[in-house]
Amino acid sequence: RLARISHVNIIHILGTFQRVGEFGDISLGVILEYAEHGSLESLLPPYAQATPERLMAAFGDRTALPGYTTTSLRIFLELAAALAFLHSAPNCMAHRDLKPQNLLIVRGGVVRVCDFDMARSEVSLGRSHTSLQRGTLGFMADELFRPPPGYDVSDFSNLKSTDMFSFGRTLSAVLTGVIPESGVPSATALPEDTPDTLVRLIADCEQQDYRARPTID
């Protein structure tokens, strides 16, 4: 299904292949487009690769990240566009592992969402088991650790809500250059020049009540 999805901010799948293992087991692999600037995570401190030279090559600005900059705003808008595309019909897909490591930067500084290993579509929810604890510490929503009474992981609107939590945490990481600490709100540690509307958006995305988070579609 993913191979049929086409969006400027989602990684392009060029093909698939089968690989036969040592014991005759067959696994399916995918061939992805080349992302010459690597992951967004590698362009953020404290990674040694996050040099001014790499930022210049990727975005044309030696001081592009972290912080509230023209580059970070463009990253936010491109990630939001990809997420809105995934969450809306006819795709109706939740990524379930949004984070800077899963955002690749291709030529021109364009963001591509990648790594759909944990993704679930609304159609597939009734046909396959969906585990609660999926994602990455610091970017996982609270309900995945401590599901409240009545929480249904097979409800697509709930999966979209966990994506929104991860979306807010990713915005915070781009602004601060710091990987969020699990269970600690990040909206209180943002740069002073962050617009109030963006601070409120991140705080809304990080709400403990998954039903109160904003939607993007």
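Predicted model, so just to flag it, every value in this text is computed and none were measured.

Trainee: Help me understand the environment of Leu 55, please; the structure alone is not making it clear to me.
Mentor: Relative to the helices and strands, Leu 55 is located in helix H1 (residues 52-59). Classification of Leu 55 by relative accessible area gives buried; the value is 4%. For the pair formed by Leu 55 and His 37, sequence separation is 18 residues and the distance between their alpha carbons is 8.9 Å. If sequence neighbours within four positions are ignored, Leu 55 has contacts with Leu 43, Gly 60, Asp 61, Arg 62, Ala 64 and Leu 65.

Trainee: What is the right way to look at helix H5 (residues 196-205) in this model?
Mentor: Structural remark: α-helix, 3.6 residues per turn; residues separated by three or four positions point the same way. By the burial criterion, the buried members of H5 are Leu 198, Ile 202 and Cys 205. Taken end-on, H5 shows its buried residues confined to a sector of 65 degrees, consistent with a single buried face. Projecting away from the buried face of H5 at angles above 90 degrees are the exposed residues Asp 196 and Thr 197. Against helix H2 (70-87) and helix H4 (156-176) lie the buried residues of H5.

Trainee: How should a nonpolar patch on the surface be read in this particular structure?
Mentor: Residues Leu 14, Phe 17 and Ile 31 make up a contiguous nonpolar surface patch of about 290 Å² in total accessible area. Within the element layout of this structure, Phe 17 appears in strand E1 (residues 13-20). Phe 17 gets classed as partly exposed once you look at its relative accessible area, which sits at 34%.

Trainee: Looking at this structure, I do not really get the nonpolar core. What am I missing?
Mentor: The nonpolar side chains of a soluble globular protein tend to be buried with one another. Formed by 35 residues in total, the largest nonpolar core has its most connected members in Phe 59, Leu 65 and Phe 167. Within the residue set of this core, elements represented by two or more residues are H1, H2, strand E4 (103-106), strand E5 (110-113), H4 and H5. Here this core takes seven residues from H2, the largest share from any one element. By size, the runner-up hydrophobic cluster in this structure holds nine residues, among which are Cys 92, Val 153, Phe 156 and Leu 159.

Trainee: Whenever I open this one, the side chain of Asp 142 confuses me. Can you help?
Mentor: Within the secondary structure, Asp 142 is located in helix H3 (residues 142-145). Although Asp 142 is buried, it forms no salt bridge, and the closest oppositely charged side chain is Arg 146 at an N-O distance of 4.4 Å. Only 3.3 Å separates the side chain of Asp 142 from the side chain of Gln 208, close enough to count as a polar contact. Beyond its immediate chain neighbours, meaning those up to four positions away, Asp 142 contacts Phe 165, Gln 208 and Arg 213.

What counts and what doesn't
- Residues numbered from 1 in each chain as written.
- Predicted model: local features only at pLDDT ≥ 70, side-chain atom pairs only at ≥ 80, totals over all residues.
- Heavy atoms only, no water.
- Helix = DSSP H or I, 4+ residues; strand = E, 2+ residues; numbered from the N terminus.
- Buried < 20%, exposed > 50% of the residue type's maximum accessible area, 1.4 Å probe, protein only.
- Contact = heavy atoms within 4.5 Å.
- Arc of directions from axis to C-beta.
- Patch = residues over 30% accessible without salt bridge, like charges linked within 9 Å, V, L, I, M, F, W, Y side chains within 5 Å.
- Areas by Shrake-Rupley, 256 points an atom, 1.4 Å probe, with all protein chains shown as cover.
- Salt bridge = Lys/Arg side-chain N within 4 Å of Asp/Glu carboxyl O.
- Core = buried A, V, L, I, M, F, W, Y, C linked by side-chain atoms within 4.5 Å.
- Lys, Arg positive; Asp, Glu negative; His and termini not counted.
- Polar contact = N/O pair within 3.5 Å; in protein donor to acceptor, adjacent residues only side chain to side chain.

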